[in-house]
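Listed below, chain by chain, are the residues.
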Amino acid sequence: MQKRNATAAVIGAGDYIGAEIAKRFAAEGFEVFAGRRNGDKLAPLVKQIEESGGEVQARSLDARKEDEIISFLNDADRHAPLEVCIFNIGANVNFPILETTERVFRKVWEMACYSGFLAGREAARLMLPRGKGHIFFTGATASLRGGVGYAAFASAKFGLRAVAQAMARELGPKNIHVAHLIIDSGVDTEWVRQRRLEALGPDALNDADALMPPASVADAYWQLYQQPRSAWTFEMEIRPFKEKW
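Reading the values: rules and limits
- Residues numbered from 1 in each chain as written.
- Predicted model: local features only at pLDDT ≥ 70, side-chain atom pairs only at ≥ 80, totals over all residues.
- Heavy atoms only, no water.
- Helix = DSSP H or I, 4+ residues; strand = E, 2+ residues; numbered from the N terminus.
- Rg over C-alpha atoms; globule rule 2.2 N^0.38 Å.
- Contact = heavy atoms within 4.5 Å.
- Areas by Shrake-Rupley, 256 points an atom, 1.4 Å probe, with all protein chains shown as cover.
- Lys, Arg positive; Asp, Glu negative; His and termini not counted.
- Charge placed at Lys NZ, Arg CZ, Asp CG, Glu CD.
- Buried < 20%, exposed > 50% of the residue type's maximum accessible area, 1.4 Å probe, protein only.
- Expected span 1.5 Å × (residues − 1).
- Salt bridge = Lys/Arg side-chain N within 4 Å of Asp/Glu carboxyl O.
- Pairing = 2+ DSSP bridges.
- Axes fitted to C-alpha atoms, helices over the stretch in contact; angles between N-to-C directions.

(A) Expanded view of the overall build of the protein. Scanning the protein from terminus to terminus reveals 7 helices and 7 strands. Going from N to C terminus, the protein has its helices and strands arranged as β-α-β-α-β-α-β-α-β-α-β-α-α-β. A compact globule built from 245 residues would reach a C-alpha radius of gyration of about 18 Å, and the protein, at 17 Å, matches this within 12%. Oriented by its inertia axes, the alpha-carbon framework of the protein measures out at about 50 × 40 × 35 Å. Excluding contacts between residues fewer than 6 apart, the proportion of contacts in the protein whose partners are at least 24 apart in sequence is 74%. Here the protein displays about 12,000 Å² of accessible surface, and carbon together with sulfur accounts for 51% of that area. Where the 31 positive side-chain charges of the protein centre and where its 31 negative ones centre are 3 Å apart.

The structure is reproduced here in C-alpha cells:
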C-alpha cells in the first residue's frame, strides 16, 4: 500500500456502499474520514480498515447540519489535505402521493439533496486554494426519472444531480473533478434483499448476478478518481449486465 498525504472523506459511510468506498480508498493509501448519523456503528469498519493496515477516522455526522459538515471536512483536511469527498446519502423511500406528508418530502430533500449541496460546497472551499480535488455524488435510477411512489425521493435525487452538474461546470475548469454516479440497479444490501423477497417471492435471490455488490460501486468510484483530467467523466451509469433498462 502506497501511503498518500491525502484524505478521502466519505459522507454516508453506511454498512454497504459507504463502507466499501471507505475500505477501497483506505487500501489505496488515503486516510479516510468516515461519517454517518450514528458514529458508533462505524466500529466494525474501523476495525476492518485498521487490521488491513489502513488509516481511518470515524465520526458521528448529521449531514443536514451545516456546522457539522464544516467541522467534519475541516477536521479531515487538518489530518491531511482533502483530496476526495464522496457524498453517499440515500434516503430511498416509497409512498403513494397522497401518503407523502410534508415532513417526509422535506426530510428526504434535506438528506438526499440539501446535505449534498453542503458537502460539495464545503469540500470545494477546501480544494480550490490548492487547485485540485475530486467531489463525487451517489445518484440512483430516481436521478433520471420519477416512479410510482417516488415523488419525494426522485425530486431530491433530481436536485442532487442538478447541484452536481452545476458544480462540475463551475469547478472543472479549476481542476476539481465533480462526478455523479448513477446506480441503476438494486444493490446487494439486506434492505434490498428483503424488498425483493417480498415483491418476487422465495426465488428472488437465486440469481447472484441480479444485484450489484457494494464493492463494485466502490470500484466505479476508484475508476472515476483515476481518470486523467483530459478525459473526465461527469456522469457514469452502472448496472449489472442482467439489469433491464
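What follows picks up the thread again.
(B) Quick look at the environment of Arg59. Looking at the secondary structure, you find Arg59 in strand E3 (residues 55-60). Note on Arg59: relative accessible area 26%, which makes it partly exposed. Separated by 17 residues in the primary sequence, Arg59 and Leu42 place their C-alpha atoms 8.0 Å from one another. Here Arg59 is in contact with Phe33, Ala34, Gly35, Arg36, Gly39, Leu42, Phe72, Asp75 and His79, once residues within four sequence places are set aside.

(C) Region of the structure containing helix H7 (residues 214-226). In this model, H7 (13 residues) spans 19 Å end to end at C-alpha, consistent with the 18 Å of a helix rising 1.5 Å per residue. Where H7 is concerned, the buried positions are Pro214, Val217, Ala218, Ala220, Tyr221, Trp222, Leu224 and Tyr225. Those residues of H7 that are buried are in contact with helix H1 (17-27), strand E4 (82-87), strand E5 (133-140), strand E6 (176-183) and strand E7 (235-238).

(D) Fine view of the pattern of salt bridges. With the rule as written, the count across this model stands at 17 salt bridges. Taking the shortest distance from any N to any O, the salt bridge between Arg161 and Glu235 comes out at 2.7 Å. A residue pair is termed long-range when its members are at least 10 positions apart, and Arg161 in helix H5 (residues 151-171) and Glu235 in strand E7 qualify at 74 residues. Of the charged contacts, one joins Asp184 and Arg239 as a salt bridge, the two residues approaching to 2.9 Å between their closest N and O atoms. A residue pair is termed long-range when its members are at least 10 positions apart, and Asp184 in the loop between E6 and helix H6 (190-200) and Arg239 in the segment after E7 qualify at 55 residues.

(E) Just the sheet that holds E7, in detail. The strand order across the open sheet formed by 7 strands is E3-E2-E1-E4-E5-E6-E7, and the pairing between neighbours is parallel. Because the sheet does not close on itself, it has two edges, and the strands there are E3 and E7. The sheet shows a mean angle of 15° between the axes of neighbouring strands, taken without regard to direction. Relative to E5, E4 runs parallel, the two sharing 4 bridges. Bridging across to E5, Phe87 finds its partner in Phe137. The strands touched by helix H3 (residues 66-79) are strand E1 (7-11), strand E2 (31-36), E3 and E4; relative to E1, the strand with the most contacts, the crossing angle is about 155°. Across the face of the sheet, helix H4 (residues 102-127) comes into contact with E1, E4, E5 and E6 while running at roughly 175° to E4.

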